[in-house]
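# Coordinate inspection notes
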Amino acid sequence: MRRKDFIKTAGLGTGAILAGSSLTAFLAGCGKSNSNMGGMGGTPVNVIDGNFSQILPIPNVVGENATLIAQTTTANVSGTGISVLGYQANGILGPTIRTNKGSNAAINLQNKLAEPTNIHWHGLKIPSNMDGYPTDVVNVNSSFSYQFLVNQRAGLYWYHPHPDGLTAKQVFQGLAGLFIVNDPEELTLNLPGGAYEIPLVIQDKRLSATGITYSPSMMDIMTGYMGDSIIVNGVHAPYTEVSTRYYRLRILNGSNARIYNLTLSNNADMIIIGNDAGLLKNPATVRSVLLAPGERLDVLVNFAGLSIGDELFLENRTFSGAGTAQGKQAFKIMKFKITQVVSDIFTVPSTLSNIISLNASGAVKTRNFNISNAGMSMGMGGGMRHRINDKVFDATRIDEIVNANTVEIWVFDNSQGDEPHPMHIHAVQFQVLQRTGGRNQVIASEAGWKDTVLVMPGEIVKVIIPFEDYPGKFVFHCHNLEHEDDGMMLQYQLS
Ligand code: C2O
Ligand code: CU
Ligand code: CU
């Protein structure tokens, strides 16, 4: 949390003048009371059960030439219209942009909000000036045309605002959308498509009678802002009708801070075929899988063998190792109702994609990032903020200089930390090399290429990154968006 906001939250107006020593004493007192409230990890926000009576909407699909109008609008999130932010009139979220590898995107953003915004294309490898750098904003009543070559493999990417200090609020109030890239390699697999390919944007919100409440307390900034209502594709506790066959679920955790341990209520197999940056080499079959904010999963589920009238849920199962604020409660996310019996000849391919594993010996440099010293630590000269290597984001300071077309290893060290941090690097795709401490292994859903990796308390995670040639400044940060807005973001210059 920023010190000035903290003082505001604590009820000390700008008129109140605190001498240095009494401020220090005041802050120290705050640290003490927090450690009495269940530790530095904070407390959970419990989810309220929904009734699963609203139909799951599917965001409309547009091509790579699109107009997005960021605006305050209304949406039926929970049965009645409430005020939300969207990229089109009458709806939360934005359209799904769907395009092919090699296409030239031209997406016009019009800002009809009351504050600056911009768009970051999460997972896309594009030039710095198109990447939604935090200070490259589009002012109120202005527009900007994002133009870039879609130069990467098929996958489920996404877009969201990234203006300095305003990202968390704008995303929480509704601004986000999917960006799907297709390519010929994926096409040859004949994966379930059309009605059998379902995008699921999972988010948690705090809903009031009139809108989405975003007013983080000190504790919320420490843990990240979590909601008590789980929405999927913009609707609270929805259901969808399915047939007795394979479906391809393309799942984004678009929450600010909440981590999910996804599972099916009948304990059926979830066949993971892809993650952040496209298809895995081989499918991985699991019964539950963790998904942190910013991460994506491409999952096949088979409803064959179920009968008309059967119902099952996509659920969150409890999990451990994520600090005191996460994983404590099991809850339902959405419902599947079997309404049709069909025959299905699809078989899961045993090989999905040609992925060459990068070897640590190919890296020219290793960089270490200490992400443990976050939270309400009372450091000298600032304290009180989530940090990386003891620094908070400063657009005027280059933190790392990376040579284009080289391979590096980056190490995210949360070994002394007590909060989970999903770490995201802009403009690259990386492979997860190693995890020590905590879960102590690279999990099945982390194979292949990724852009966000969950680093739990106690863990040290190493990723290997082939940097391409996009000269300019790019940020990397915790994708807990309260942590990010709080300053847990640095930048590298690629040159
Ligand atoms: Cu999806 Cu810099 O973030
Ligand atoms: Cu990104
Ligand atoms: Cu974090």
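Residues numbered from 1 in each chain as written. Chains lettered and ligands numbered in written order. Predicted model: local features only at pLDDT ≥ 70, side-chain atom pairs only at ≥ 80, totals over all residues. Heavy atoms only, no water.

Scanning the protein from N- to C-terminus turns up 6 helices and 31 strands. Burial analysis of the protein (495 residues in total) assigns 58% to the buried set. Sequence-distant contacts, at least 24 apart, represent 77% of the contacts inside the protein between residues at least 6 apart. In the structure as shown, the protein presents an accessible area of about 18100 Å², 51% of it carried by carbon and sulfur atoms. (Helix = DSSP H or I, 4+ residues; strand = E, 2+ residues; numbered from the N terminus. Buried < 20%, exposed > 50% of the residue type's maximum accessible area, 1.4 Å probe, protein only. Contact = heavy atoms within 4.5 Å. Areas by Shrake-Rupley, 256 points an atom, 1.4 Å probe, with all protein chains shown as cover.)

Here we take up the coordination of the copper ion (ligand 3). Distances from the copper ion (ligand 3) to its protein donors, H421 (ND1), C478 (SG) and H483 (ND1), fall at 2.0 to 2.1 Å. Donor residues binding the copper ion (ligand 3) come from one chain and are separated in sequence as H-x56-C-x4-H. Owing to a relative accessible area of 0%, C478 belongs among the buried residues under this scheme. Accessibility expressed as a relative area gives 0% for H483, which makes it buried. (Donors = N, O, S within 2.8 Å, 3.2 Å for Na, K, Ca; no water.)

When four donors bind a metal tetrahedrally, each ideal donor-metal-donor angle is 109.5 degrees, and when six bind octahedrally, the ideal angles are 90 or 180 degrees. With distances of 1.8 Å, the protein atoms coordinating the copper ion (ligand 2) are H120 (NE2) and H424 (NE2). Of this pair, H120 sits in strand β7 (residues 120–122) while H424 sits in strand β26 (residues 421–425), and the two are 304 residues apart along the sequence. Look at H120 and you get buried, because its relative accessible area is 1%.

Here Q431 is to be found in strand β27 (residues 431–436). If we ignore the near neighbours within four places in the chain, the residues touching Q431 are I355, I356, S357, L358, G448, W449, K462, V463 and I464.

The subject of this paragraph is the nonpolar core. Residues L200, I251, L262, L314, I333 and F336 are the most contacted members of the largest nonpolar core, which totals 41 residues. Sequence-distant contacts of I333, that is, excluding residues within four places in its chain, are made with F52, I202, I230, V232, A237, P238, Y260, L262, L314, E315 and N316. Ranked by size, the runner-up nonpolar core spans 27 residues in total, among them V461, V463, Y470 and L490. (Core = buried A, V, L, I, M, F, W, Y, C linked by side-chain atoms within 4.5 Å.)

Attention now moves to the pairing of strand β21 (residues 311–316). Strand direction decides the pairing type here: strand β16 (residues 260–264) and β21, joined by 3 bridges, are antiparallel. Bridging across to β21, T263 finds its partner in E315. Both β21 and strand β22 (residues 331–340) contribute to a ladder of 6 bridges, which runs antiparallel. Residue pairing across strands places L314 opposite M334, the latter belonging to β22. (Pairing = 2+ DSSP bridges.)

When pLDDT is low, close inspection of the predicted coordinates is not appropriate. Looking at the protein, pLDDT values average 91 and 90% of them are 70 or higher. Segment residues 1–38: pLDDT under 50, and 41 contacts once partners within four positions in sequence are set aside and those in other chains are kept. (pLDDT = per-residue confidence, 0-100.)

To continue, consider the sheet that holds β21. Pairing is mixed across the open sheet formed by 6 strands, whose spatial order is β1-β14-β22-β21-β16-β19. Two strands in the sheet have a free side with no partner beyond their single neighbour: β1 (54–55) and β19 (288–291). Pairing of β1 with strand β14 (residues 238–243) involves 2 bridges; the strand directions are parallel. Bridge pairing links Q54 to P238 in β14.

The next point concerns the pattern of salt bridges. Counting across every chain of the model gives 25 salt bridges. Ionic pairing is found between R248 and D298, a salt bridge with its closest N-O pair at 2.6 Å. Residue R248 is located in strand β15 (residues 246–253), and its partner D298 is located in strand β20 (residues 296–302); the two are separated by 50 residues in the primary sequence. Overall, the relative accessible area of 4% leaves D298 in the buried class. The shortest N-O distance in the salt bridge between D399 and K391 comes to 2.9 Å. Overall, D399 belongs to the buried group, its relative accessible area being 11%. Take K391: its relative accessible area is 25%, and that puts it in the partly exposed class. A single network of salt bridges, built from pairs that share partners, joins R98, E186, E197, R248, R250 and D298. (Salt bridge = Lys/Arg side-chain N within 4 Å of Asp/Glu carboxyl O.)

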